[in-house]
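Geometric and topological summary
Residues per chain, in single letters:
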Amino acid sequence: QVPLVESGGGLVQPGGSLRLSCAASGIIFSMYVMGWYRQAPGKQRELVAGITRSGSTNYADSVKGRFTISRDNAKNTVYLQMNSLKPEDTAVYYCNAHRSTVVGQYDHWGQGTQVTVSS
């Protein structure tokens, strides 16, 4: 069973919007810090946005003011609202669930969803 499943990617014109969703199963969602990462061709995977268990958020400088991360613990889902999209936002977007405990760290990844920004 895949713990994280992303959806919502696609092709959008510059200036457009998309909302990505990541549904979790098989994990205690509320115990995890959630994040969205992306990887463009030929580049390393980078953190786009993160949200803590209490709802604090952080963003990469390149997306501040354009992207918003949120979570719904009742639905075991994290979202990434992406506005004013640019061609440089084109990448595969991955959802991550991270938890640190006294016995170790746990990371789960989704399979990724393609976002293409092009006219």
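Now for a look at the structure at hand. (Residues numbered from 1 in each chain as written. Predicted model: local features only at pLDDT ≥ 70, side-chain atom pairs only at ≥ 80, totals over all residues. Heavy atoms only, no water.)

1. Regarding the environment of Gly 50
Here Gly 50 lies in strand β5 (residues 46–51). When its relative accessible area of 5% is taken as the criterion, Gly 50 is described as buried. Residues Gly 50 and Tyr 94 lie 44 residues apart in sequence; the distance between their C-alpha atoms is 12 Å. Ignoring anything within four residues of it in the chain, the contact list for Gly 50 reads Met 34, Gly 35, Ser 56, Thr 57, Asn 58 and Ile 69. (Helix = DSSP H or I, 4+ residues; strand = E, 2+ residues; numbered from the N terminus. Buried < 20%, exposed > 50% of the residue type's maximum accessible area, 1.4 Å probe, protein only. Contact = heavy atoms within 4.5 Å.)

2. Thoughts on the packing of aromatic side chains
Summed over the entire model, instances satisfying the criterion amount to 1 aromatic pair. Taken together, a centroid distance of 5.0 Å and an interplanar angle of 65° make the contact between Tyr 37 and Trp 109 edge-to-face. Here Tyr 37 is found in strand β4 (residues 33–39), whereas its partner Trp 109 is found in strand β10 (residues 104–109), with 72 residues between them in sequence. Directly above the ring of Tyr 94 sits Arg 45, whose terminal nitrogen or CZ lies 3.8 Å from the centroid. (Phe/Tyr/Trp six-rings, centres within 6.5 Å; stacked < 30°, edge-to-face > 60°. Lys NZ or Arg CZ within 6 Å of the ring centre and 35° of its normal.)

3. A look at a nonpolar patch on the surface
Taken together, the side chains of Val 102, Val 103 and Tyr 106 make up a nonpolar region of the molecular surface, amounting to roughly 370 Å² of accessible area. With respect to the helices and strands, Val 102 occurs in the loop between β9 (91–101) and β10. On the basis of relative accessible area, Val 102 is assigned to the exposed category, the value being 87%. (Patch = residues over 30% accessible without salt bridge, like charges linked within 9 Å, V, L, I, M, F, W, Y side chains within 5 Å. Areas by Shrake-Rupley, 256 points an atom, 1.4 Å probe, with all protein chains shown as cover. Salt bridge = Lys/Arg side-chain N within 4 Å of Asp/Glu carboxyl O.)

4. Notes on the sheet that holds strand β1 (residues 4–7)
Spatially, 4 strands are ordered β1-β3-β8-β7 in an open sheet, and the strand pairing comes out antiparallel. Two strands bound the open sheet, and with one partner strand each, they are β1 and β7 (67–72). Each neighbouring strand pair of the sheet contributes to a mean axis angle of 15°, computed without reference to strand direction. Pairing of β1 with strand β3 (residues 18–24) involves 4 bridges; the strand directions are antiparallel. (Pairing = 2+ DSSP bridges. Axes fitted to C-alpha atoms, helices over the stretch in contact; angles between N-to-C directions.)

5. A few points about the side chain of Thr 77
In this fold, Thr 77 is placed in strand β8 (residues 77–82). Judged by its relative accessible area of 9%, Thr 77 is buried. A polar side-chain atom of Thr 77 sits 2.8 Å from the main-chain carbonyl oxygen of Lys 75. Beyond its immediate chain neighbours, meaning those up to four positions away, Thr 77 contacts Ser 21, Cys 22, Ala 23, Phe 29, Ser 70, Arg 71 and Asp 72. (Polar contact = N/O pair within 3.5 Å; in protein donor to acceptor, adjacent residues only side chain to side chain.)

6. Topic: the side chain of Asp 89
Position of Asp 89 relative to the elements: it lies in the loop between β8 and β9. Excluding residues within four positions of it along the chain, Asp 89 makes contact with Arg 38, Arg 66, Phe 67, Ser 84, Val 115 and Val 117.

7. Remarks on the pairing of β3
Counting buried positions along β3 gives 5 out of 7 residues, so the element sits mostly inside the fold. Where β3 and β8 come together, 6 bridges link them in antiparallel fashion. Looking at the pairing, Ser 21 lines up with Tyr 79 of β8.

8. A word on the environment of Gly 9
For Gly 9, the location among the structural elements is in the loop between β1 and β2 (10–12). The partly exposed category is assigned to Gly 9, whose relative accessible area is 32%. For the pair Gly 9 and Val 92, spaced 83 residues apart in sequence, the C-alpha separation works out to 8.6 Å. Once residues lying within four places of it in the same chain are set aside, the contact partners of Gly 9 are Leu 18, Leu 20, Thr 113, Gln 114 and Val 115.

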